[in-house]
Structures are given as structure tokens and as C-alpha cells.
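Okay, here's what each chain looks like letter by letter:
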Amino acid sequence: MCSILAILGLRSDPARLRKQALEQSRRMRHRGPDWSGVYSDEQAILAHERLAIVDILHGAQPLEDASGDLVLAVNGEIYNHRELRRRHPEFSYRTDSDCEVILALYEAHGTELLAQLNGIFAFALYDRRRGRFLIARDAIGVMPLYQGWDDDGNFYVASEMKALIGICRRIEDFPPGHFLTGTVGDEVGEPESFYQPSWRSYEKVAEKPPALDRLRQGLEAAVERQLMSDVPYGVLLSGGLDSSIIAALAARHKKHRVETGGRTEAWWPQLHSFAIGLEGSPDLRAARRVADALDTIHHEFVYTLQEGHDALRDVIYHLETFDVTTIRASTPMYLLARRIKSMGIKMVLSGEGADEIFGGYLYFHKAPDARAFHEETVLKLDLLHKYDCLRANKAMAAWSIEARVPFLDREFLDIAMALDPAAKMVAEGRMEKDILRRAFAGLLPEEILWRQKEQFSDGVGYSWIDSLKALAEAEIGTDRLGRAHHRFPINPPATCEAYLYREIFESHYPGEAPARCVPSGASIACSTPNALAWDESFRNLADPSGRAVRGVHDDSL
């Protein structure tokens, strides 16, 4: 986890902009407290805040090639970098950084390099000799990236919105799976897509026989790839199916380093797992059961409602959103990240993405047919950078921890999303994510393997959401809520809870531009009006993914 800040095609005083860039980058130093670097000339400035995880001694950024003509600032991890290095031995590598391979690929393939990367990344590359630049963001948008323009026409990209506030009059998300290239000094064009997998089309995946062995082997390989690390790591463990599978697969590698193919012993040969919840929460009980089965060094943290309420302002500052469901789930995750940080852990594996891939949210029980089911999973993945990816990344980055998400591994996605959607559906006595459960039969205790889906914000304790609603109703009241459309004409809040979060957000990020970066209808867990039409009861639900789905959710263990 790092941060990048780039100003490209300078249209005002370079010396002043360099000084400004240092201050902008400093606002994101929580993402990378280990080192700061900056490159500047008359046309471009690239700044970087580093969280050192791979090649601790030599991976400082911005990276430059041997000639000094290519300059690169990356927030991310390239999981297949060793394989890519072997394909391009002609490049004069100067470090063991996984990100340096981007420079080699650019020299050999230009923008076509993006099709070869398996990783999570947001980067800015400046080609000084050609006067060109390349900006790109990973396929799903696990790594955040924003773009902006100031009053002088200077073009910016930054890992977090807070770096652009007060400087850019216009701020936008940089879209996942896209790249932008151009000549410094020219007008900036529109980002282009580099990621259009065939599985987006229902016709390409319908009636394909499910291969459980391939599904299992694909996720096993993804976890192994993502364990590359030169620092201590752990796993987030809620006791739900997804995080438990990831923990179990990671536990297989705890004795040896994956970087050497298991030929050398691990530097930290025990796997640490982390769970959080209110006293007596379902997740804490389930996580303890999994940790015992996997023999992890388990750390269980109990938080109080007051501690959660007190953290809301900081959570919204770091998350850069006012989405209700995201804030509910991010607050305990933010508190957990602080405890993990205190133990010296810099990287964790997390289970985000499985619900979007396999239709794990409880409203998927109501999907009318396989086409509707599949189209909804594709749309959920398209929006994931606004919700769960944003939560996992920024809640952890607030305390200088990198969250990796093996379910969203690019190679695994191509396997899992190519499965026949009919085989993923809740039908004929099957429960949600049945195909994933069967693929990993025998890996986990049966009560965990077949545990029903719990929203993280429910699993930490059912009183958590109720307390947030009560807090907001007491603080906002119906009168203020009734005038919400006057106070917030862009995406006006529909509930007291939404109003409270929006008010806090505006105190950190005033103006229209930041508000437009948060999706409208953000409290609706379903992605499309079609999904809301699956069941009449959805139309009056602000959150049809959790225990509010009547007739589907049962109390968990």
C-alpha cells in the first residue's frame, strides 16, 4: 500500500507546483509512512509515499530506468512480476521491486503491457524522452485513483481525493480497468478500457459445465501468488465462508516462502488471524472456531458501541464516502486495522469479492433466472470499487496496512465468472454460494462451510446498525431530514443516518466535485432497478443484502 500524486503537463510555475505537490502527497502519508520520494522537471511531477512490503531496501519510488528517461510511481502489487521479468531479461533491472517490471513492459509493449499484469495497481508513468505519459488502474479498481484539474489547467492524479481538495475545481474517479495516455502539455483525453473479458456476456458463460476442481485450484493459486511479502502478514477472519477459505489456504503456506517455491523456510512461520466484534457477536464466535481448526495465532478484539460512534468522523475522512452500508462495515474494520498496526503487521489477506462473483448476498435468493443472476454479478463487480474495494483498501490504509483480495485475482476471476450462472443460483435446496462451498468441502469445519451469509456490519453484532440509526435519529431529527434536498441538492440523503454521514463528509470534503464522486442511491445494496424488481419487498428496503431480507436470513451461530 502506497500513494501516488502526479501533475502532468505543467501549465504554471514548476517550482511552486513542486512545493505544492509535496504538501498534497503528505496528506496521504498514512498510506505509505516508510519513505517519501519525488521526481520533477519542467513538464511533470511525480510524488510517492511508500509502504515497503516487497524489496524493502531498494524499492523506493519513483522508479527510473537506467537512462532516466522513464519515471514510474505505483500504488500496488504485481503478483506475476517474476514471470514477467523472465520474459524480459533484456531490461536493466535496478531493484527487486515487483513494480519495476512495468518499465520493462512499457519499453517492449507500450500500452499493451496492461494485458499482461496480474495485480492490484494504480500508476503514473512519465516518458520524458517522448514527452508522453501513461496512467492506469487495475481491472476491478482495488487500488483507488482520482483525477482532477486546477484553475490553471494542470492535470492531476492521486490515490486519494483528499490530496486534490482545495486545489482542483474538478475531481473524478479514474475508472477501473482503464488507461489514459497522452502528450504532456496537450489537452487530456478520455480514459480507454483495457479490460473487457468475454464473461461479461451471459451468452459466453451460459450452460458451461461447472468444474469444481478448476475453481478450487484457481483460488489456491491466487492465494499463493498474493502471499509474496518481505514483511509480516496476517488474515482477516470474520468466521464467514469467504474469509475462512482464504485463511485456510494461506495457512498451508505458513512454514515456507512462496517467493522461492517453498524451498526456504518462512521468516514468520506462524499465521496470525484477526477478528473484531461487539461482545458476544456471531463473527467472534465463528472466527474463534475457524482459528482453532486452522491452528492460527488468533487475535480477537471487542469494541464498544461508543468506540464505534467516536470513530465515525475519522472513518468518513479516510473512506471519502458517505455511503451508508460502506460506513457501517468500515468502522469496525478501521478499528481492527489500528490494532493490527500495533502488532507490526503490514499486509493482510481479505475475503472481499466472493459475494459479487458467486451471488452471495441474500437478495440473490430472489433472482428470477440465470441471466438476471449473472448480469447482476457483473454489475456488482463493476461497482465494487465504490463499495467493498474502497472499504477494504482505505480502512486498512488509514493505519498503513495493505489489504489483498485473492477472490479478485485476475486469473481467478476468469475462472469463476466463466461458470454457468445457473450453477451459482439458490435453487433446488441449495444455499447461496453453494458451488464455492462444495469446491472447498473438507477444508473447513462443516458449521463454517455451511454458515449463512452475514453482512460484516451485522456479523460484528446486530446492535451495531441499530445503534447507528438511533444515534442519527437523535442528532438529525425528522425536521432537518425533510429539508435535506435544500442542504444537499446533489444525491440528497433519504434517512437520518445518511444525513449524518453526509454532513460529516461535507465538513471534510466541501463542494460539488467530491459529492459527485460518491454514487447516487448509495445506500441501496442491489446494483440495478431490475434487481430491486426481483421482489416486491425490496422496494422499501434501504439495505436488501443483510438480515433485512425477510424469509431468507436466520440467526447465525
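Up top is the structure these notes are about.
The rules behind the values
The residue numbers shown here count from 1 along each chain, following its written sequence. Note on the predicted model: pLDDT of at least 70 is required for a residue's local features to be given, and 80 or more for side-chain atom pairs to be given and counted; whole-chain, interface and lining totals, by contrast, use all residues. As a convention, hydrogens and water are excluded, and side-chain values are obtained from all of the structure's heavy atoms. Put simply, DSSP marks the helices as runs of H or I at least four residues long and the strands as runs of E at least two long, and each gets a number from the N terminus on. As defined in this context, the radius of gyration uses C-alpha atoms, and a globule is described by 2.2 Å times the residue total to the power 0.38. Only protein chains enter the accessibility calculation, which uses a 1.4 Å probe; a residue is then buried when its area is under 20% of its type maximum, exposed when over 50%, and partly exposed in between. In this analysis, two residues are considered to be in contact whenever any of their non-hydrogen atoms come within 4.5 Å of each other. Working definition of accessibility: Shrake-Rupley area with a 1.4 Å probe, residue cover restricted to the visible protein chains. We score Asp and Glu as negative and Lys and Arg as positive, and we do not count His or the chain ends. Think of each charge as sitting on NZ of Lys, CZ of Arg, CG of Asp or CD of Glu. Pairing between strands is defined by DSSP: at least two bridges between them are needed. Only the contacting stretch of a helix is used when fitting its axis, a line to C-alpha atoms as for every element, and angles between N-to-C directions run 0 to 180 degrees. Note on convention: near helix rotated counterclockwise from far helix by under a right angle means a left-handed crossing. Clockwise means right-handed. Residues are sorted three ways: Asp, Glu, Lys and Arg are charged, Ala, Val, Leu, Ile, Met, Phe, Trp, Tyr, Cys and Pro are nonpolar, and all the rest, Gly among them, are polar. Disulfides are defined as pairs of cysteine sulfur atoms found within 2.5 Å of each other. Remark: nonpolar core denotes a set of buried residues (Ala, Val, Leu, Ile, Met, Phe, Trp, Tyr, Cys) joined through side-chain atoms within 4.5 Å.

**Comments concerning the overall build of the chain**
At step 1: Helix and strand counts for the chain stand at 22 helices and 17 strands.
At step 2: For 557 residues, the compact-globule formula gives about 24 Å, and the C-alpha radius of gyration of the chain, at 23 Å, lands near that figure.
At step 3: Each principal axis of the C-alpha atoms in the chain carries an extent, and together these give about 65 × 65 × 50 Å.
At step 4: Looking at the chain residue by residue over its 557 residues, the buried ones come to 63%.
At step 5: Partitioning the intrachain contacts of the chain with sequence separation of at least 6 by distance along the chain shows that 70% fall at a separation of at least 24.
At step 6: Looking at the chain as shown, the accessible area adds up to about 20800 Å², and 47% of this sits on carbon and sulfur atoms.
At step 7: Averaged over its 66 positive side-chain charges, the chain has a centre that lies 1 Å from the centre of its 82 negative ones.

**Concerning the environment of Asp382**
At step 1: Within the secondary structure layout, Asp382 lies in helix 11 (residues 370–383).
At step 2: A residue is classified by how much of its surface remains accessible, and Asp382, at 30% relative accessible area, is partly exposed.
At step 3: Separated by 207 residues in the primary sequence, Asp382 and Pro175 place their C-alpha atoms 9.7 Å from one another.

**A look at the sheet that holds strand 14 (residues 272–277)**
At step 1: Within the open sheet, the five strands sit side by side as 15-14-13-16-17. Their pairing is parallel. In this open sheet, the two edge strands, each paired with only one partner strand, are strand 15 (297–302) and strand 17 (402–404). Between one strand axis and the next, the sheet turns through 30° on average, direction left out of account.
At step 2: Of the strand pairs in this sheet, strand 14 and strand 15 are connected by six bridges, and their pairing is parallel. Each bridged residue has a counterpart across the sheet, and for Ser273 the counterpart in strand 15 is His298.

**A word on the packing of helix 9 (residues 324–342) against helix 18 (residues 463–482)**
At step 1: Running from amino to carboxyl end, helix 9 crosses helix 18 at an angle of 115°, the nearest separation of the two axes being 11 Å. The handedness of the crossing between helix 9 and helix 18 comes out as right-handed. Together, Arg328, Thr331 and Pro332 of helix 9 and Trp464, Ile465, Leu468 and Lys469 of helix 18 make up the contact between the two elements.
At step 2: In the contact of helix 9 with helix 18, the residues fall into four nonpolar, one polar and two charged.

**Considerations on the state of the cysteines**
At step 1: Here the structure, examined in full by the defined rule, presents zero disulfides.
At step 2: Cysteine Cys517 shares no disulfide, and the gap to the nearest cysteine sulfur, in Cys168, comes to 11 Å.

**Some remarks on the nonpolar core**
At step 1: If you look at the biggest cluster of nonpolar residues, it comprises 113 residues, and the most contacted ones within it are Leu46, Leu117, Phe123, Ile135, Ile357 and Phe358.
At step 2: Looking at this core, the element that brings in the most residues is helix 6 (residues 241–251), giving eight residues.
At step 3: Filtering out sequence-adjacent residues up to four positions away, Phe123 remains in contact with Ile4, Leu72, Ala73, Val74, Ile102, Leu113, Leu114, Leu117, Leu134, Ile135 and Ala136.

**Focus: the pairing of strand 8 (residues 146–149)**
At step 1: Here strand 8 shows no split at all, with Tyr146 and Gly148 on one side and Gln147 and Trp149 on the other all buried.
At step 2: Pairing geometry for strand 8 and strand 9 (residues 155–158), over four bridges, is antiparallel. Each bridged residue has a counterpart across the sheet, and for Gly148 the counterpart in strand 9 is Tyr156.
At step 3: With antiparallel pairing between neighbouring strands as the criterion, strand 8 and strand 9 make up a hairpin whose turn holds five residues, including Gly153 at a positive phi of roughly 90°.
At step 4: As defined by bridge partners, strand 8 adjoins strand 10 (residues 170–173) across four bridges and the pair is classed as antiparallel. Across the sheet, the residue bridging to Gly148 is Ile171, located in strand 10.

**Some words on the pairing of strand 3 (residues 44–50)**
At step 1: In terms of burial, strand 3 is a largely internal element, seven of the seven residues being buried.
At step 2: With six bridges joining them, strand 1 (residues 3–8) and strand 3 adopt antiparallel strand pairing. The residue of strand 3 that forms the bridge with Ile4 is His48.
At step 3: As defined by bridge partners, strand 2 (residues 35–40) adjoins strand 3 across six bridges and the pair is classed as antiparallel. Bridging from a neighbouring strand, Gly37 pairs with His48 of strand 3.
At step 4: Hairpin connection from strand 2 to strand 3: three residues lie between these consecutive antiparallel strands.

**As for the sheet that holds strand 2**
At step 1: With respect to topology, six strands assemble into an open sheet ordered 2-3-1-9-8-10, the strand pairing being antiparallel. Whereas interior strands pair on both sides, the edge strands pair on one side only; in this sheet they are strand 2 and strand 10. Adjacent strand axes in the sheet meet at a mean angle of 15°, parallel and antiparallel pairs treated alike.
At step 2: As paired elements, strand 1 and strand 9 share four bridges and run antiparallel to each other.

**Regarding unusual backbone geometry**
At step 1: Following Gln61, the chain continues to Pro62 via a peptide bond in cis, the omega torsion being 0°.
At step 2: Even without being glycine, Asn491 reaches a positive phi, approximately 50°.
At step 3: For Asn491, the location among the structural elements is in the loop between helix 19 (484–487) and helix 20 (496–508).
At step 4: Judged by its relative accessible area of 23%, Asn491 is partly exposed.

Don't take any of this as a statement about function, it's just geometry.
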